[in-house]
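# Architecture and fold: a report
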Amino acid sequence: MSMAPRDTPPDEDLYRGVWKELQRAAHDRHHEWRTPVMSTVNAQGVPQARTVVLREVNTVTNELTFYTDSRSPKVAELQAAPRTALVFWSKRLSWQLRVCARVRVDTTGPLLDAAWLRVSQSPAAADYLSATAPGSPLRQPNNAPNPQHHMAILIAQVDVLDWLELARTGHRRALLTPDCVQWCVP
């Protein structure tokens with residue numbers, strides 16, 4: 001078992017600190033963790049990666065929430081294989097965070113209704129009212145809005161946080177779960 005380097009915060013503080021940064025990122029548009037890269041696997045088994053926007057963080061249930069168009073390829077990919085890896089990078093912190101999670105896709109229900117109520121009052125509503133699906137070829141510049149939204153919520157249930165700190169004095173790495181902090185070779 002690897003030991004934590006000297007002058008390392010107690011394990012509980014590290015775990016809470018990572019979740020605190022995730023919470024900040026969900027509310028601070030300028031936080032570098034606001035836009036992580038989410039990976040999925042398509043029907044042909046080819047990895048797919050794209051930037052998503054972190055919308056909500058629940059530290060009680062260890063869930064991260066993202067919004068998307070229900071017609072986007074990632075929705076079908078996550079419905080077929082509901083696992084993802086997310087990568088967050090912060091230059092300010094010199095922290096990389098890789099997150100392994102199980103994903104639930106909500107296309108109906110009270111959570112979606114509440115999220116749509118908030119989004120529908122903003123310019124972002126247009127993202128979910130397009131008559132055509134994301135990635136569709138543009139046929140006409142007049143893409144009239146659809147009266148029905150296509151918003152979906154992705155709720156990522158975090159299994160493991162893989163935290164890496166890059167520092168001139170030595171890199172540090174730990175696998176974090178609610179029950180354990182395992183220090184690892186960077």
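What you are looking at is a predicted structure, and each value in this text was computed from that prediction instead of being measured. Every residue gets a number counted from 1 within its own chain, in the order that chain's sequence is written. In view of the model being predicted, local features appear only for residues whose pLDDT reaches at least 70, and side-chain atom pairs are presented and counted only at 80 or more, with totals across whole chains, interfaces and linings using the full set of residues. Based on all heavy atoms of the structure, the side-chain values leave hydrogens and waters out of the count.

What we call a nonpolar core is a set of buried Ala, Val, Leu, Ile, Met, Phe, Trp, Tyr and Cys residues that are connected through their side-chain atoms within 4.5 Å. Only protein chains enter the accessibility calculation, which uses a 1.4 Å probe. A residue is then buried if its area is under 20% of the maximum for its type, exposed if over 50%, and partly exposed in between. Judged by nonpolar contacts, the single largest core of 35 residues is most densely connected at Val 18, Leu 22 and Leu 64. Top element by residues in this core is helix 1 (residues 11–27). It accounts for seven residues. Any two residues having at least one pair of non-hydrogen atoms within 4.5 Å are treated as being in contact. Excluding its chain neighbours within four sequence positions, the residues that come into contact with Leu 22 are Trp 33, Leu 54, Val 57, Leu 64, Phe 88 and Leu 97. Going along the chain from the N terminus, every DSSP run of H or I of four or more residues is numbered as a helix, and every run of E of two or more is numbered as a strand.

Here the focus is the state of the cysteines. Note on terminology: a disulfide is the covalent bond linking the sulfur atoms of two cysteines. Throughout, disulfides are identified as pairs of cysteine sulfur atoms within 2.5 Å of each other. A complete count under the given rule lists zero disulfides for this structure. Of all cysteine sulfurs, the one in Cys 184 lies closest to Cys 180, which takes part in no disulfide; the gap is 9.1 Å.

Only Phe, Tyr and Trp rings are paired, with Trp represented by its six-membered ring, and only when their centres lie within 6.5 Å; those with planes under 30 degrees apart are stacked, over 60 edge-to-face, the remainder tilted. Applying the stated rule across the entire model yields six aromatic pairs. An angle of 85 degrees between the planes, with centres 6.0 Å apart, marks the rings of Trp 163 and Trp 183 as edge-to-face. Pair noted here: Trp 163 is in strand 7 (residues 151–165) and Trp 183 is in strand 9 (residues 181–184), with a separation of 20 residues, a long-range link. The exposure class assigned to Trp 163 is buried, which follows from its relative accessible area of 0%.

Let's shift gears to the pattern of salt bridges. Charged atoms that come close allow side chains of opposite charge to pair. For salt bridges, the criterion is a side-chain nitrogen of Lys or Arg within 4 Å of an Asp or Glu carboxyl oxygen. A full pass over the atoms with the stated rule returns 13 salt bridges. The salt bridge involving Asp 69 is made with Arg 71; its shortest N-O contact spans 2.9 Å. Among the salt bridges present, the one from Arg 104 reaches Asp 106, with a minimum N-O distance of 3.0 Å. Using a relative accessible area of 13% as the deciding quantity, one classes Asp 106 as buried. Through salt bridges with shared partners, one network takes in Glu 12, Asp 13 and Arg 16.

Following the sequence through the fold, Ala 43 ends up in the loop between strand 1 (37–41) and strand 2 (47–51). Considering only alpha carbons, one finds Ala 43 and Glu 77, 34 residues apart in sequence, at a separation of 7.0 Å.

Only a minority of non-glycine residues have a phi that is not negative, and only a minority of peptide bonds are not trans. Backbone geometry at Asn 62 places phi at a positive 55 degrees, although glycine is not the residue there. By relative accessible area, which is 11% here, Asn 62 ends up buried. Backbone geometry places Ser 94, a non-glycine residue, at a positive phi of 60 degrees. Relative to the assigned elements, Ser 94 resides in the loop between strand 5 (83–90) and strand 6 (95–106).

The buried count for strand 7 comes to twelve of 15 residues, which makes it a mostly enclosed element. Note on pairing: DSSP must find at least two bridges between two strands before they are called paired. Two strands pair when backbone bridges link them, and strand 4 (residues 63–69) and strand 7 are joined in this way by seven bridges, in the antiparallel orientation. Looking across to strand 7, one finds that Tyr 67 is bridged to Ile 153. Bridging between strand 6 and strand 7 involves twelve bridges; their strand directions are antiparallel.

Bringing the environment of Leu 175 into the picture now. With respect to the helices and strands, the residue Leu 175 is situated in strand 8 (residues 172–176). A relative accessible area of 30% places Leu 175 in the partly exposed class. Distance from Leu 175 to Leu 97, taken between C-alpha atoms, is 9.8 Å for residues 78 residues apart in sequence. Ignoring sequence-local partners within four residues, the contact set of Leu 175 consists of Val 160, Leu 161, Asp 162, Cys 180, Val 181, Gln 182 and Cys 184.

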